[in-house]
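Examination of the molecular architecture
Spelled out from the first residue to the last, the chains are:
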Amino acid sequence: MERKYIIRGGRPLKGEIEVKGAKNAALPALACTLLAKGNFLLKNVPKVRDVFCMLKILEHLGAKAQFEGTNLQIDTSGIKRTDIPYELASQIRASILFLGALTAAYGEAVIPRPGGCDIGKRPTDIHEKGLSLLSAELDFKHGNIITRAKRLKGAEIILDFPSVTATENLLMAASLAEGETILKNAAKEPEVVFLAEMLSEMGAEIKGAGTDTIFIKGKKRLHPLKIKIIPDRIEGGTFLILSSLFPENEVIIKNLPIDYLETPCLKLKEMGIEVKKVDRNSYTVKRSKKIWPVEIVTAPYPGFPTDLQPLYAVLLTQAEGTSIIRENLFENRFQYAFELKRLGAKINVEDRVAVITGPTPLSGSPVKATDLRAGAALLLAGLIAENTTTLYRVELIERGYENLPQRIRALGGDIEVVEEENEDSKKF
Ligand code: UD1
């Protein structure tokens, strides 16, 4: 079966759309349940493919999981394995998040090294170095990372780069280690702060999360808990762009984590788009017909998020003049530019810099998602393009957005989800 979205553009949007729980907070939270035996309740969990994939891995390890609405119950009392099969690990890079938790809680782990992916090389050296400084023995066989440790020992670790998932892995590992760990040059993303809060509520002593130095006093035992996943700032940023696509739009974004979106909101302001509070956590945007070009440089939090640059690129095709996007995190994150060109965008990429000239009317064409955020960007581009855009490889979008076409349809967008048998497989 092949899924595709058929988008008929040109319809302004009106109504309410709510931001769901953060995928990038839910994934480490799922790995974190391995650090204590018993019943966990995670609330506000997004039902996206990446979450289901991590759940399959947890079930393979021996956990039981059940969704009730957006509440997810996980029982980790039956964990009996410490290896992750290649078929599952190869589907999701975040499977590396099990490395710290399994090593700390069960003294061993066998995890297929996640290879390169659509957006870049994405090595795991920072995760590995950190664990070995915590006194784990590491070995590499048949493309697997194999760890062994009696009990991890606290250490001072200076990360070569403030990697998000490496910081999360080391936070989890250090929480069960003997003694104190200091993580320097740690990632400051809100999802890291959330994980530190989860670990603290489980019994670890953690200070400094959200700054570049985190102190962790490990405990012999941690306990299960109930916790609510924070809202997804990348989905929030996606909806800010969605709301800004047409000057006539009247969209209210509910549950928007505005505090995590300071830099993206600043860029909107520079473009001439105002983000206005409607009530407590609800916001709307106001823009006039003309919007202005900007320069965007991606950086670790609180810099401009790499995950939002493809979405901003779409809106910048409508700005009056030349915009520049410099991608500093992933070397291969401009593949969507080729697809955006198929819709008529004037975007040129050289190495890590994209130059976009606007305003350019877009018009429909067949295009394909090249990664999760690129896919969402192309969906939004289809909404402002004349005629029909057919978007392929939409499974990539569903890795991180729950029912996105249905939710945009509720605002008046014309997106059809089509599932069809692959004609070739029938023929041959
Ligand atoms: C996380 C997010 C992802 C987001 C990214 C950057 C999750 C599950 N995923 O990915 O959506 O796009 O942060 O905000 O939270 N690096 C190394 N060695 C390592 C690890 C990373 O060189 O061992 C490099 C990477 O190649 C990249 C940079 O560090 O250039 C940042 O990557 P990192 O913060 O690790 O991203 P992820 O945690 O994989």
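Cut-offs and rules
- Residue positions are given per chain, counted from 1 along the sequence in the order it is written.
- Only residues with pLDDT of at least 70 get local features here, since the model is predicted, and only at 80 or more are side-chain atom pairs given and counted; chain-wide, interface and lining totals rely on the full set of residues.
- Calculation of side-chain values draws on the structure's entire complement of heavy atoms; hydrogens and water are dropped beforehand.
- UniProt positions are given in the numbering used here, feature names are shortened, and annotations may be inferred rather than shown by experiment.
- Partly exposed describes any residue whose relative accessible area lies between the buried limit of under 20% and the exposed limit of over 50%, with all areas from a 1.4 Å probe on protein chains only and scaled to the type maximum.
- Contacts: residue pairs with any heavy atoms within 4.5 Å of one another.
- Numbering of helices and strands runs from the N terminus; a helix is a DSSP stretch of H or I covering at least four residues, while a strand is a stretch of E covering at least two.
- What a helix should span is 1.5 Å times the count of its residues minus one.
- Two strands form a pair only when DSSP identifies at least two bridges running between them.
- Salt bridges are identified by distance alone: a Lys or Arg side-chain nitrogen within 4 Å of an Asp or Glu carboxyl oxygen.
- Residue ranges assigned to the domains are those given by an automatic or database domain assignment.
- Buried area is a sum: the accessible area each of two parts loses on coming together, probed at 1.4 Å, counted once for each and added.
- We call two N or O atoms a polar contact when they sit within 3.5 Å, provided that within protein one can donate a hydrogen and the other can accept it, with sequence-adjacent residues counted only if both atoms are side-chain atoms.
- To pair, rings of Phe, Tyr and Trp, with the six-membered ring standing in for Trp, must have centres within 6.5 Å; the planes then decide the type, stacked if under 30 degrees apart, edge-to-face if over 60, and tilted in the middle.
- Any Lys NZ or Arg CZ found within 6 Å of a ring centre and within 35 degrees of that ring's normal is scored as a charge over the ring.

Going by the annotation in an unreviewed UniProt entry, the name recorded for the chain is UDP-N-acetylglucosamine 1-carboxyvinyltransferase, with Caldimicrobium thiodismutans given as the source organism. UniProt, in its Sequence similarities (unreviewed entry) section for the chain, records the words "Belongs to the EPSP synthase family. MurA subfamily." Check the Catalytic activity (unreviewed entry) section of the UniProt entry for the chain; it says "phosphoenolpyruvate + UDP-N-acetyl-alpha-D-glucosamine = UDP-N-acetyl-3-O-(1-carboxyvinyl)-alpha-D-glucosamine + phosphate".

**Here we look at the UniProt feature "binding site: phosphoenolpyruvate" (unreviewed entry) in the chain**
In the numbering adopted here, UniProt assigns the feature "binding site: phosphoenolpyruvate" (unreviewed entry) to Lys 23 and Asn 24. With relative accessibility at 9%, the residue Lys 23 sits in the buried group. In this view, Lys 23 contacts Pro 46, Val 48, Asp 50, Asp 232, Leu 372, Arg 373, Arg 399 and Gly 400; residues no more than four positions away in its chain are not counted. Structurally, the position occupied by Asn 24 is in helix H1 (residues 23–32). For Asn 24, the contacting residues outside a window of four places in its chain are Glu 168, Glu 191 and Asp 307.

**Notes on helix H7 (residues 190–201)**
With twelve residues, H7 extends 17 Å between its outermost C-alpha atoms, agreeing within 8% with the 16 Å of an ideal straight helix rising 1.5 Å per residue. Burial in H7 covers these residues: Pro 190, Glu 191, Val 192, Phe 194, Leu 195, Ala 196, Met 198 and Leu 199. Downstream of H7 by one or two residues, Gly 203 has phi in the positive range, about 125 degrees.

**Focus on the pairing of strand E15 (residues 274–279)**
Of the strand pairs in this sheet, E15 and strand E16 (residues 282–286) are connected by five bridges, and their pairing is antiparallel. The residue bridging Val 275 from the neighbouring strand is Val 285, located in E16. Joining the antiparallel neighbours E15 and E16 is a turn of two residues.

**Describing the pattern of salt bridges**
For the coordinates displayed, the defined rule picks out 26 salt bridges. A salt bridge links Lys 254 to Glu 16; the nearest nitrogen and oxygen atoms lie 3.6 Å apart. Taken as a pair, Lys 254 in strand E14 (residues 250–254) and Glu 16 in strand E2 (residues 14–18) lie far apart in primary sequence, 238 residues in all. Residue Lys 254 is classed as partly exposed on the basis of its relative accessible area, which comes to 31%. Here Lys 217 ties to Glu 205 by a salt bridge, and the two come within 3.9 Å at their closest N and O atoms. Remark: Glu 205 occurs in strand E11 (residues 205–207) and Lys 217 occurs in strand E12 (residues 213–217); sequence separation between them is twelve residues. Note on Lys 217: relative accessible area 42%, which makes it partly exposed. We classify Glu 205 as partly exposed; its relative accessible area is 38%. A single network of salt bridges, built from pairs that share partners, joins Arg 3, Arg 49, Glu 398 and Glu 419.

**Here we look at the domain arrangement of the chain**
For the chain, the assigned domains are domain 1 (2–20 + 231–427) and domain 2 (23–228). Distance between the C-alpha centres of domain 1 and domain 2: 30 Å. Contact residues are listed per partner, giving 26 residues for domain 1 and 21 residues for domain 2. For the pair domain 1 and domain 2, the summed buried area comes to about 2,000 Å², and 51% of that belongs to carbon and sulfur atoms. Inspection of the domain 1/domain 2 interface yields three salt bridges. One salt bridge connects Arg 399 with Asp 50, and the closest N-O pair in it is separated by 2.7 Å. At the junction of domain 1 with domain 2, the criterion picks out seven residue pairs in polar contact (both at pLDDT 80 or more). Those elements giving two or more residues to the side of domain 1 that touches domain 2 turn out to be helix H12 (372–384) and helix H13 (395–398). With three residues, the single largest contributor to the side of domain 1 that touches domain 2 is H13.

**Overview of the environment of Ile 230**
Structurally, Ile 230 can be placed in the loop between strand E13 (226–228) and helix H8 (233–244). Accessibility expressed as a relative area gives 12% for Ile 230, which makes it buried. The residues touching Ile 230, leaving out its near neighbours within four places in the chain, are Gly 21, Ala 22, Ala 25, Asn 44, Pro 190, Glu 191, Phe 194 and Tyr 260.

**What to know about the packing of aromatic side chains**
Enumeration according to the criterion identifies three aromatic pairs in this entry. Relative to Phe 67, the ring of Phe 52 lies with its centre 5.9 Å away and its plane at 70 degrees, an arrangement referred to as edge-to-face. Of this pair, Phe 52 sits in helix H2 (residues 49–61) while Phe 67 sits in strand E4 (residues 64–68); the two residues are 15 residues apart in sequence, bridging distant segments of the chain. What makes Phe 52 partly exposed here is its relative accessible area of 37%. Here the aromatic rings of Phe 304 and Tyr 312 are separated by 4.8 Å at their centres, their planes lie at 90 degrees, and the arrangement is edge-to-face. Of the residues examined, Phe 304 reaches a relative accessible area of 3% and is grouped as buried. By relative accessible area, which is 0% here, Tyr 312 ends up buried. The cationic tip of Lys 47 hangs over the ring face of Phe 67; the distance from NZ or CZ to the ring centre is 5.0 Å.

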